[in-house]
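Spelled out, the chains give:
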Amino acid sequence: MKHFGPAAVVAAVVLAASGPAAAQSQIVNIYSYRETGLTQPLLDRFEAETGIKPVLLFGGDGLIERAAAEGENSPVDLILTVDIGNLVAAKELGVSQPIDPAILAPVPPAYRDPDGHWTALSMRARVFYASRERVSEQSLDYDDIAGPEWRGRLCTRSGQHVYNIGLIASRIVHLGLDGTRQWLTAVRDNLARKPTGNDRAQVQAVYSGQCDLAIGNTYYMGLMLTNEAEPQQKQWAQSVRIIYPDAGGDGTHVNVSGVILARYAPHKANAEKLISFLLSEEAQYLYAETNHEFPILDGVAPSALVASWGELDADPTPLTEVAAQRAAASVLVDELRFDEGPRN
Amino acid sequence: MALVAGLPVLALVWVALTSFSGGGGLGARTLPGALRETGLLLAMVGLATAAIGFVAAWLVTHFSFPGRRIAQWAFILPLAIPTYLSAFAWVEVLEFTGPVQGAVRLLTGTESLREYWFPAIRSLPGAAFVMSLVLYPYVYLSCRAYFLMQSGALAVAARTLGASPQRAFWRIVLPLSRPALIVGVTLALLEVMNDLGAVEYFGVNSLTAVVYFTWIHQSNLPGAAQLALTLIAVVAALIWLEQYARRRRSYLMPRDTQTRPPRAALSGLPAVLAVAFSVLVVGLGFAVPAGQLAVGAVAQIARFGVDGQIVSALVQTVALAIAAAFICVLAGYMTAGRLRVARSPTGALLLRAATLGYAVPGTVLAIGLVVPLGALDGVINDIGRWVVGAAPGLVLTGSAAALVYAYAVRFLTVSHSTLSAGMVRRGEHVLEAARVLGASRGRVLWRIDLPTLRPALMAAATLVFVETIKELPATLVLRPLGLETLATFVYAQAKAELFAAASVPALLIVAVGLVPVLLAGYLQGGGRGQAIAS
């Protein structure tokens, strides 16, 4: 062990220089899957109003597992995340606890946990980006893109990406496993190229002429149209228009961003204050304006830009039912080898 | 030692064996496809890095041509660019809206991709292209060190005995260089195996990606652990191959033979070709991606200024990298030294197991670490409550120490191979001589062992430092609340798809990584010392 003497000293110095701010009590510790650029304005506002300082750990996959491994010693109070899968996984791994029901009351029941362990904060719809030049249809359903007229015209990102897993899981809820297998097989063979890149790259592919119709989340349209740093993205976005699939039918598939109250939250009262703030009309409005998502509260209107794409008719299926089919969806994507591209 | 370094892997074995419920994991339908694509990618990158690295090393050690001295260190530059950054920069350059295709459309008068053909950068060959261009320096460094040390004398001997230059090359130099080639290629291929970011970006279905969706979507950590162990088996095979190749080094001539390879002066067309090759390789591997990042960074700073958080991220990154380099060199010295002294097969096997951390995808390694560390923290807190009536909270999980530990596990292979190569080349005789002459163990260590290993020690420290700065997945999961490194900063911006904003910290990663690379190159001063990677 004596060989580790200097190593321990170095580690201790680094530790001392960068340890978490655990001493103050007026804080709330957050593990966040969400981009800091998006959450920071909200958290700044919260700190100004309440004097409670949010301490953020931004990360990706693995944060919920980390909270689980930390157990009752965990410093985390709240987990901010996207995708229904993460919300459900947190509860399954036992890292959550019920939020005060009074705080959750304004949220529609389909968008929160039946036991109150998590709530959605905003919604995004999984829609079609149709080429203005090459697509004449004004309305389309998810079923329609399985038709032979779409051969070689579709683009999407990896079938194993959480956004597509959510969509396919909701298809399983509506069509059953066999129906979804047929649908997904047809969609795979209608792809213009092997799934690659992110949602924006699909819109770029429509712009460049590689395909005519892309599947993507609504807010990317807003982000691209207002992208001052990379203005070329405005051109990509202007080459497409949004179609809300299944409007008037089952409704358009939506996924959510949400928040989980940690099971051993050391600052539970502060954490519930923050949840309550995030569900306030003020915060919901800010969320909608900065990220072009749909507010979760019925009373708050989407941003003017989002409203200009038409009205969202969201699929009312409770998200927990969709989440229950995620593993089946992932196995199906694997089984059909969706990510290896069309097989004609 | 082996146990400490092997802890995450053991945790994975435990998870894979104890909670596996059948289905998923190795039964994945895309596994054959993923194996095929991973295999193809490895083959392409292996061949390309071997060719580029070997030719580059051969040129600078055996020939003189205009700019040779610059080329000698410039060939190392791409090492400072993480593959995921190079991937993103190259896609920006070669995509439909990038400058190259823009020029093609302008020249041909076309408007849509339907009217002309252009190779897709987001593809398997695209990934191989980008990765080879940033990973060849591993081969270059090991081959150059090798040429400087060895083939000089033997090549001269062959020429004296009447062999033509071609014959000396094919019969002597190339076969003798095989161990150096394999060492470099193995390190490059391990990088490929580890890379999730770049591979995903290019739409390549890799084994790592299969591990990932099994874990995330199917909530099947045991299945994912099984797959991760398969991955480790593949990498273990690669490492074994490397060690096997290195065994032959003992047949080579000892270091004392200071015959420099004769450098033939190139002129005319060959000189032009040598210069063109150097410019092309360094240009594509370094100048294009770094330039693209610089353009983005300048635009970002001009518009928004510099984010104050970047400065603290920079300081924390450097502190972590120094700690990791220190610990890895220490641990690498111990494992390599142990291997040198004790030649028992079991010990050697254990040591090899200890260096497998490099093989595990960063996120999976992090999970493998977080589970035992969390359990250990639980024990510490129970003892705390029992003994003093108060729990100390998390001591290990989410601390900078845990992060440094993860780096040490991950990069031990790098320092171990570098140091063990250095020890083999130096040989035992100087140490034995000192001991015979009555020097104490400590005196031998300080006066003989460490000074004679200095180039290898510096090389190991440099490589680990650079790797740590670039490391992303384990850092994301394991770092303390509120701590950002440059890499996590880039990730945060890139995840929001704010590439211009990501360029500033990205460029800093390249710049910080360049410091030790250039320093090591400088200290080598005209080839007097040993090269930085063995």
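Residues numbered from 1 in each chain as written. Chains lettered and ligands numbered in written order. Predicted model: local features only at pLDDT ≥ 70, side-chain atom pairs only at ≥ 80, totals over all residues. Heavy atoms only, no water.

## Points about the overall build of chain B
Here comes step 1: Per the secondary structure count, chain B includes 20 helices and two strands.
Here comes step 2: A burial count over chain B gives 59% of its 534 residues as buried.
Here comes step 3: Put simply, 82% of the contacts in chain B that link residues at least 6 apart link residues at least 24 apart.
Here comes step 4: Accessible surface computed for chain B: about 21400 Å², of which carbon and sulfur atoms make up 69%. (Helix = DSSP H or I, 4+ residues; strand = E, 2+ residues; numbered from the N terminus. Buried < 20%, exposed > 50% of the residue type's maximum accessible area, 1.4 Å probe, protein only. Contact = heavy atoms within 4.5 Å. Areas by Shrake-Rupley, 256 points an atom, 1.4 Å probe, with all protein chains shown as cover.)

## Concerning the state of the cysteines
Residues and elements named next belong to chain A.
Here comes step 1: If you walk through the whole model with that rule in mind, you get one disulfide over all chains.
Here comes step 2: Shown here is the disulfide that connects Cys 155 with Cys 211, its sulfur atoms set 2.1 Å apart. Where Cys 155 bonds to Cys 211 through sulfur, the torsion about that S-S bond is close to -110°, and the disulfide is left-handed. A residue pair is termed long-range when its members are at least 10 positions apart, and Cys 155 in strand S5 (residues 154-155) and Cys 211 in the loop between helix H7 (199-208) and strand S6 (213-217) qualify at 56 residues. (Disulfide = S-S within 2.5 Å.)

## Structural notes on the packing of helix H4 (residues 83-94) of chain B against helix H11 (residues 268-304) of chain B
Residue and element names in this part refer to chain B.
Here comes step 1: In contact at an axis separation of 9 Å, H4 and H11 are set at 75° when each is read in the N-to-C sense. Taken together, the axes of H4 and H11 are roughly perpendicular relative to one another. Here Leu 85, Ser 86, Phe 88, Ala 89, Trp 90, Glu 92 and Val 93 of H4 lie close against H11, whose contacting residues are Leu 284, Val 288, Pro 289, Gln 292 and Leu 293.
Here comes step 2: In terms of residue class, the contact of H4 with H11 is made up of nine nonpolar, two polar and one charged. (Axes fitted to C-alpha atoms, helices over the stretch in contact; angles between N-to-C directions. Parallel < 35°, antiparallel > 145°, perpendicular 65-115°, else oblique. Nonpolar A, V, L, I, M, F, W, Y, C, P; charged D, E, K, R; others polar.)

## Let's talk about the domain arrangement of chain A
Residues and elements named next belong to chain A.
Here comes step 1: Considered domain by domain, chain A is made up of domain 1 (6-123 + 255-302) and domain 2 (125-253 + 310-340).
Here comes step 2: The interface is formed by 16 residues belonging to domain 1 together with 19 residues belonging to domain 2.
Here comes step 3: Each partner contributes to the roughly 1500 Å² buried at the junction of domain 1 and domain 2, and carbon and sulfur atoms together form 70% of this total.
Here comes step 4: Looking only at domain 1, the three residues that lose the most surface to domain 2 are Asn 255, His 292 and Phe 294, adding up to 36% of its buried area.
Here comes step 5: On the surface where domain 1 and domain 2 come into contact, there are one salt bridge.
Here comes step 6: If you tally residues by element for the side of domain 1 that touches domain 2, the top one is helix H4 (residues 84-92), at three residues.
Here comes step 7: Of the residues contributing to the side of domain 1 that touches domain 2, the split by class is nine nonpolar, five polar and two charged. (Domains from an automatic or database assignment. Buried area = accessible area lost by both parts, 1.4 Å probe. Salt bridge = Lys/Arg side-chain N within 4 Å of Asp/Glu carboxyl O.)

## Notes on unusual backbone geometry
Here comes step 1: The phi angle at Asp83(A) is positive, at roughly 80°, despite the residue not being glycine.
Here comes step 2: Here Asp83(A) is to be found in the loop between strand S3 (78-82) and H4.

## Remarks on the packing of aromatic side chains
Residues and elements named next belong to chain B.
Here comes step 1: Enumeration over the complete set of coordinates arrives at ten aromatic pairs over all chains.
Here comes step 2: Taken together, a centroid distance of 6.2 Å and an interplanar angle of 50° make the contact between Phe 75 and Phe 277 tilted. With Phe 75 in the loop between helix H3 (68-74) and H4 and Phe 277 in helix H11, the pair connects residues that are 202 residues apart, well separated along the chain.
Here comes step 3: Its relative accessible area of 0% is what places Phe 75 among the buried residues.
Here comes step 4: Through pairs of rings, three or more aromatic residues link up here, namely Phe 75, Tyr 136, Tyr 140 and Phe 277. (Phe/Tyr/Trp six-rings, centres within 6.5 Å; stacked < 30°, edge-to-face > 60°.)

## Here we look at the pattern of salt bridges
Residues and elements named next belong to chain A.
Here comes step 1: Inspection of the entire model under this criterion finds 22 salt bridges over all chains.
Here comes step 2: For Lys 91, the salt bridge goes to Asp 113, with nearest N and O atoms at 3.1 Å. With a gap of 22 residues between them, Lys 91 in helix H4 and Asp 113 in the loop between helix H5 (101-104) and strand S4 (118-131) connect regions that are remote in the sequence.
Here comes step 3: By relative accessible area, Lys 91 is classed as partly exposed at 27%.
Here comes step 4: The network of salt bridges with shared partners includes Glu 133, Arg 134, Arg 153 and Asp 212.

## Digging into the pairing of strand S2 (residues 53-58) of chain A
Here comes step 1: The buried fraction of S2(A) is high, at five of six residues.
Here comes step 2: Read as a crossover between parallel neighbours, the route from strand S1 (residues 27-32) of chain A over helix H2 (residues 36-50) of chain A to S2(A) is right-handed. (Right-handed = clockwise from strand over helix to strand, strands pointing away.)

## Comments concerning the interface of chain A and chain B
Here comes step 1: With 66 residues of chain A at the contact, the number on the chain B side is 67 residues.
Here comes step 2: Interface area, chain A with chain B, both sides summed: about 5600 Å², of which 58% is carbon and sulfur.
Here comes step 3: Counting the surface chain A buries against chain B, the share from its top three residues, Phe58(A), Arg66(A) and Asn73(A), is 11%.
Here comes step 4: At the junction of chain A and chain B, the tally comes to one salt bridge.
Here comes step 5: Remark: the boundary between chain A and chain B carries five residue pairs in polar contact (both at pLDDT 80 or more).
Here comes step 6: Of all the secondary structure elements, the ones that give two or more residues to the side of chain A that touches chain B are helix H1 (5-18), S1, S2, helix H3 (63-70), helix H6 (162-190), H7 and helix H14 (326-335) of chain A.
Here comes step 7: Ranked by the residues each element gives to the side of chain A that touches chain B, the list is headed by H1(A), at seven residues.
Here comes step 8: Class assignment of the residues belonging to the side of chain A that touches chain B gives a composition of 29 nonpolar, 19 polar and 18 charged. (Polar contact = N/O pair within 3.5 Å; in protein donor to acceptor, adjacent residues only side chain to side chain.)

## A closer look at the pairing of S3(A)
Residues and elements named next belong to chain A.
Here comes step 1: The buried fraction of S3 is high, at five of five residues.
Here comes step 2: Along S3, one buried face is formed by Leu 78, Leu 80 and Val 82 and the opposite face, lined by Ile 79 and Thr 81, is buried too.
Here comes step 3: Summarising the sheet, S1 and S3 pair through three bridges and their orientation is parallel. Across the sheet, residue Ser 32 finds its bridge partner in S3, namely Leu 80.
Here comes step 4: Here S3 runs beside strand S8 (residues 254-261); their pairing, made up of five bridges, is antiparallel. Paired with Leu 78 across the two strands is Leu 261, which belongs to S8. (Pairing = 2+ DSSP bridges.)

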